[in-house]
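Fold and geometry: a report
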Amino acid sequence: MSENTRKMTGARAIIECLYEENVEVIFGYPGGALLQIYDEIYKSDLRHILVRHEQAAAHAAEGYARATGKVGVCLATSGPGATNLVTGIANAYMDSIPMVALTGQVPRSMIGNDAFQEANITGITMPITKHNYLVQDAKDLPRIIKEAFHIASTGRPGPVLIDLPKDITTEEIEFSYPDKVDLKGYKPTYKGNLQQVKRAASAIEKAHRPLIYAGGGILGSNASEELLQFAEHIQTPVTTTLTGIGGFPTQHPLYIGMPGMHGTKYANYAIQECDLLIAVGARFDDRVTGKLASFASNAKILHIDIDPAEISKNIKVDIPIVGDAKNILSSLNKYVNPVEHETRKEWLDRIEGWKKSYPLHYVGEQDGLKPQYIIEQVYEACKDAIIVTEVGQHQMWAAQYYKFSQPRSFITSGGLGTMGYGYPAAIGAKVGKPDRVVFNIAGDGSFQMNSQEIATAVQNDIPVIVAIMNNGYLGMVRQWQELFFEKRYSHTCIRDSVDFVKLAQAYGAVGIRVEKTSEVKPALEKAMDSGKPVIIDFIVECEENVSPMVPAGAPINEILDLERKE
Amino acid sequence: MRHTLAVLVENKFGVLSRVAGLFARRGYNIDSLAVGVTEDPNVSRMTLVVRGDDHVVEQVSKQLNKLIDVIRVTDLGADESVERELALIKVKSDKDTRAEIIQIVDIFRARIVDVASKSIIIEVTGDEEKIAAIEKLLKPFGIKELVRTGRIALTRGSKSS
Ligand SMILES: Cc1ncc(C[n+]2csc(CCOP(=O)(O)OP(=O)(O)O)c2C)c(N)n1
């Protein structure tokens, strides 16, 4: 190590560390505390994407991470720059996405004095980071950056923040990058305990009505192939959570859609009827479980998770296996005897029956334009797109109606439910996967939360297509008001607040408006051919509801049908 | 149910607020928290007294274990560990009551660490019940001020925590 130490400034050292971590791109926004670092970026080969709001830098880094599986990196200046990252960091934390956030800080001597543009960002982000650092000595930079990338990307992934006082960036250090990390208190478990794997194997063999409930952990550990093998090996149906979508091919006969509040009826019925629930990388979120006491109440629970703290957090687990999903699924594939389709026939037939009786459906497009139809057409236009969403009804329709054959193709804010997430995340995804078509399925409300990023897409030539399901409402909230507040639409109407076509054009992007069903396909084709950032404003039926729906806190088999009759 | 948790942590900036913050944000209740460095200056020991059923305490331990700076969490069973608290109690006292107070102090094997014309400061160590008992006996004289360290604990015998 010592033979290749070199003298350099802290700022230069940060760049060297990023090279060492094979970082290709950072999403950021400059400021006083970052001048040294930005000067080094100028001289470096790093790709830097200048966003228009730091929140977008964090979301873009996250979208990049979800699309590529690598660690996303964002950079913001001290004070307001750092606090603008907070929502994006919290979002990454809730969905366990690997991210390193670098923030500028006032010089060490001024910390704590309420200096200009000072914020205690390590204090602020303590509850929403996996770990964070305030660098107090420039010499520590290489170790801290090495640790940060290690912590962000191993075990249960998550965001790590490094706060960089300005004077650290000018100080000279002897640079050498450590090749190991040594953290006494951090030793994630990857391999499942063999005893528990065997217990699980025997429970699986004994089960008559098993069900796999897979979450975002499948994507986090790149376990999609193992999951597919596992499900086929034991002839067991699979439901994936919102963040697990794409972790299992949605056209596969064993796939039964998403569970929970806007899940399919058959996934919810299957959960309530199964006798063994095999949870893999899923955390029993309340949007999935509904009323906890009646969730999967006929089933033994087998829970596979890398985070021991998830075991029995919400639901009492009968057989826990702590470890990496990929690892554990492949050992289960070894230890469980294969199950014939015949053995499961009764159970699979029952599910098939529910699938036939209660398919996802909506009432045709006689009158207005149906958002569900648009999503289906997006699929027809590009079967292999990366679909990113904002938060609201459109998000649920995208989850329900697009079909996914590959992992890392559905990118959405699950745990935090962040409006404004989708567009910057789509930009990040496109930067990471330039050869894929990237659609941001948006609501007119959500899109307005970060629409300034059209400038980022245009300036950096990132051809993301935004498909706005423009219903003139904060639709999901309106839906709740319709159902539970006698249609008192308190402050959810946002109709005619902006002309999205002109907005797109103002930024130099392509703007298209679609009002009729017949215009949908041509608009999508035009958007895909343009090679430019595109905003399509789909004027959809304004009071369409997401169906089915389980009211919050109800048992998940108490399901409302909400399709609107013309 | 109350549990005593021994938490070994890296002796680093911000660790206490990470631990305390975790309790606040997850809605757990800490009854007491005592912190000091160990024989290894890089490692501190926190002794936490937490109230809750086994499920809550299990969750507290697991969540604490998730913190990168936390090296080890041990739930100390009352039988296998020695638990102590230290209290300083300032009691009103004049020449009429001094003898009686000294008697109480002797019985409890406490110590008088300061005497003034109108008050005495008493130092007492012991488990919670002992401190509660002496407090109760001193109360009629008038307790002017009282401070307790919170519980510290170690496992008995050669086992470490
Ligand atoms: C930052 C933020 N603020 C508020 C909410 C609450 N919320 C959830 S969905 C929703 C409405 C979303 O409206 P829109 O983006 O137009 O999508 P739609 O539901 O109409 O498809 C709101 C306000 C949220 N999720 N995130």
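Residues numbered from 1 in each chain as written. Chains lettered and ligands numbered in written order. Predicted model: local features only at pLDDT ≥ 70, side-chain atom pairs only at ≥ 80, totals over all residues. Heavy atoms only, no water.

Chain B has the name Acetolactate synthase small subunit in an unreviewed UniProt entry, where Methanohalophilus mahii is given as its organism. As its UniProt record puts it under Sequence similarities (unreviewed entry), chain B is described as follows: "Belongs to the acetolactate synthase small subunit family." The UniProt entry for chain B carries the following comment under Catalytic activity (unreviewed entry): "2 pyruvate + H(+) = (2S)-2-acetolactate + CO2". (UniProt positions renumbered as here; feature names shortened; annotations may be inferred.)

In the annotation of an unreviewed UniProt entry, chain A is listed under the name Acetolactate synthase and assigned to Methanohalophilus mahii. Its UniProt record gives chain A the following Catalytic activity (unreviewed entry) comment, quoted word for word: "2 pyruvate + H(+) = (2S)-2-acetolactate + CO2". Recorded in UniProt under Sequence similarities (unreviewed entry), the annotation for chain A is "Belongs to the TPP enzyme family."

Helix and strand counts for chain A stand at 23 helices and 19 strands. For 566 residues, the compact-globule formula gives about 24 Å, and the C-alpha radius of gyration of chain A, at 24 Å, lands near that figure. Across its three principal directions, the C-alpha atoms of chain A cover 70 × 60 × 40 Å. Here chain A, with 566 residues, has 62% of them falling under the buried criterion. Accessible surface, chain A as shown: approximately 21,500 Å² in total, 50% of it carbon and sulfur. Counting 56 positive and 67 negative side-chain charges, chain A places the centres of these two groups 3 Å from one another. (Helix = DSSP H or I, 4+ residues; strand = E, 2+ residues; numbered from the N terminus. Rg over C-alpha atoms; globule rule 2.2 N^0.38 Å. Buried < 20%, exposed > 50% of the residue type's maximum accessible area, 1.4 Å probe, protein only. Areas by Shrake-Rupley, 256 points an atom, 1.4 Å probe, with all protein chains shown as cover. Lys, Arg positive; Asp, Glu negative; His and termini not counted. Charge placed at Lys NZ, Arg CZ, Asp CG, Glu CD.)

Another aspect to go through is the overall build of chain B. When you go through chain B residue by residue, the secondary structure sums to four helices and nine strands. Dimensions along the principal axes, computed over C-alpha positions, put chain B at roughly 55 × 35 × 30 Å. Taken across its 161 residues, chain B has 42% of its residues classed as buried. Sequence separation of 24 or more characterises 73% of the internal contacts of chain B that already satisfy a separation of 6 or more. (Contact = heavy atoms within 4.5 Å.)

A few words now on the packing of aromatic side chains. All names here are of chain A. One pass over the structure, following the stated rule, counts 18 aromatic pairs over all chains. Between Y362 and Y401, the aromatic rings sit 5.6 Å apart at their centres with planes inclined by 80 degrees, giving edge-to-face as the arrangement. Placement of the pair is Y362 in the loop between helix 15 (345–357) and helix 16 (371–381) and Y401 in helix 17 (residues 393–401), with a sequence separation of 39 residues. Looking at Y401, the relative accessible area reads 8%, which means it is buried. (Phe/Tyr/Trp six-rings, centres within 6.5 Å; stacked < 30°, edge-to-face > 60°.)

This brings us to the interface of chain B and chain A. Taken residue by residue, the interface counts 20 residues in chain B and 20 residues in chain A. Both sides of the chain B and chain A interface together cover about 1,700 Å² of buried area, and 51% of this is carbon and sulfur. Among the residues chain B hides against chain A, the three largest losses belong to F13, R18 and I68 of chain B. Together they make up 38% of the total. The interface formed by chain B and chain A holds one salt bridge in total. Linking D307 of chain A and K66 of chain B is a salt bridge whose minimum nitrogen-to-oxygen distance equals 2.6 Å. Remark: the boundary between chain B and chain A carries six residue pairs in polar contact (both at pLDDT 80 or more). (Buried area = accessible area lost by both parts, 1.4 Å probe. Salt bridge = Lys/Arg side-chain N within 4 Å of Asp/Glu carboxyl O. Polar contact = N/O pair within 3.5 Å; in protein donor to acceptor, adjacent residues only side chain to side chain.)

All names here are of chain A. Within the largest apolar cluster, 71 residues are counted, with the highest numbers of intra-cluster contacts made by I212, I278, L332, I387, I536 and F538. Counting the residues that make up this core, at least three belong to each of domain 2 (194–357) and domain 3 (365–539). Listed in part, the 48 residues of the second largest apolar core include V25, A92, A425 and V464. (Core = buried A, V, L, I, M, F, W, Y, C linked by side-chain atoms within 4.5 Å. Domains from an automatic or database assignment.)

In this numbering, the UniProt entry assigns the feature "domain: Thiamine pyrophosphate enzyme central" (unreviewed entry) to residues 197–332 of chain A. Across residues 197–332 of chain A one finds 33% helix and 17% strand; the C-alpha atoms that close the span lie 7 Å apart.

Residues other than glycine predominantly adopt negative phi, and peptide bonds predominantly adopt the trans conformation. Residues and elements named next belong to chain A. Cis peptide bonds are those with omega within 30 degrees of zero, and the linkage from S547 to P548 qualifies with -5 degrees. Among the secondary structure elements, P548 is positioned in the segment after strand 19 (534–539). For D114, which is not a glycine, the phi torsion comes out positive at approximately 55 degrees. Along the chain, D114 turns up in the loop between strand 5 (99–105) and helix 6 (121–125).

With that out of the way, let us pick up helix 3 (residues 98–107) of chain B. Residues and elements named next belong to chain B. Of the residues making up helix 3, those classed as buried are I101, I104 and V105. Across the axial projection of helix 3, the buried residues extend over an arc of 100 degrees, all falling on one side. Those residues of helix 3 that are exposed and angled more than 90 degrees off the buried face are A99, Q103, D106 and I107. Contact partners of the buried residues in helix 3: strand 5 (81–92), strand 6 (111–115), strand 7 (119–126) and helix 4 (128–138). (Arc of directions from axis to C-beta.)

Next up on the list: the confidence of the model for chain B. The predicted coordinates ought not to be read in detail in places where the model reports low pLDDT. Per-residue confidence for chain B gives a mean pLDDT of 94, with 100% of residues at or over 70. Across the interface, the model reports ipTM at 0.91; the global pTM reads 0.96. (pLDDT = per-residue confidence, 0-100.)

All names here are of chain A. Assignment of secondary structure puts S446 in helix 19 (residues 444–447). One polar contact links the side chain of S446 to the main-chain carbonyl oxygen of V391, over a distance of 3.1 Å. With residues up to four places along the chain from it excluded, the contact list for S446 reads E390, V391, H394, M419 and G420.

All names here are of chain B. Domains assigned within chain B are domain 1 (2–76) and domain 2 (84–155). Using only C-alpha atoms to locate each centre, domain 1 and domain 2 end up separated by 29 Å. Each side of the interface is counted separately: domain 1 has nine residues, and domain 2 has eight residues. Counting the surface lost from both domain 1 and domain 2, the interface buries some 670 Å², and carbon and sulfur atoms represent 55% of this. Connecting domain 1 to domain 2 are one salt bridge. Summed over the shared surface of domain 1 and domain 2, the number is three residue pairs in polar contact (both at pLDDT 80 or more). Contributions of two or more residues to the side of domain 1 that touches domain 2 are made by strand 1 (2–10), strand 2 (30–37) and strand 3 (43–51).

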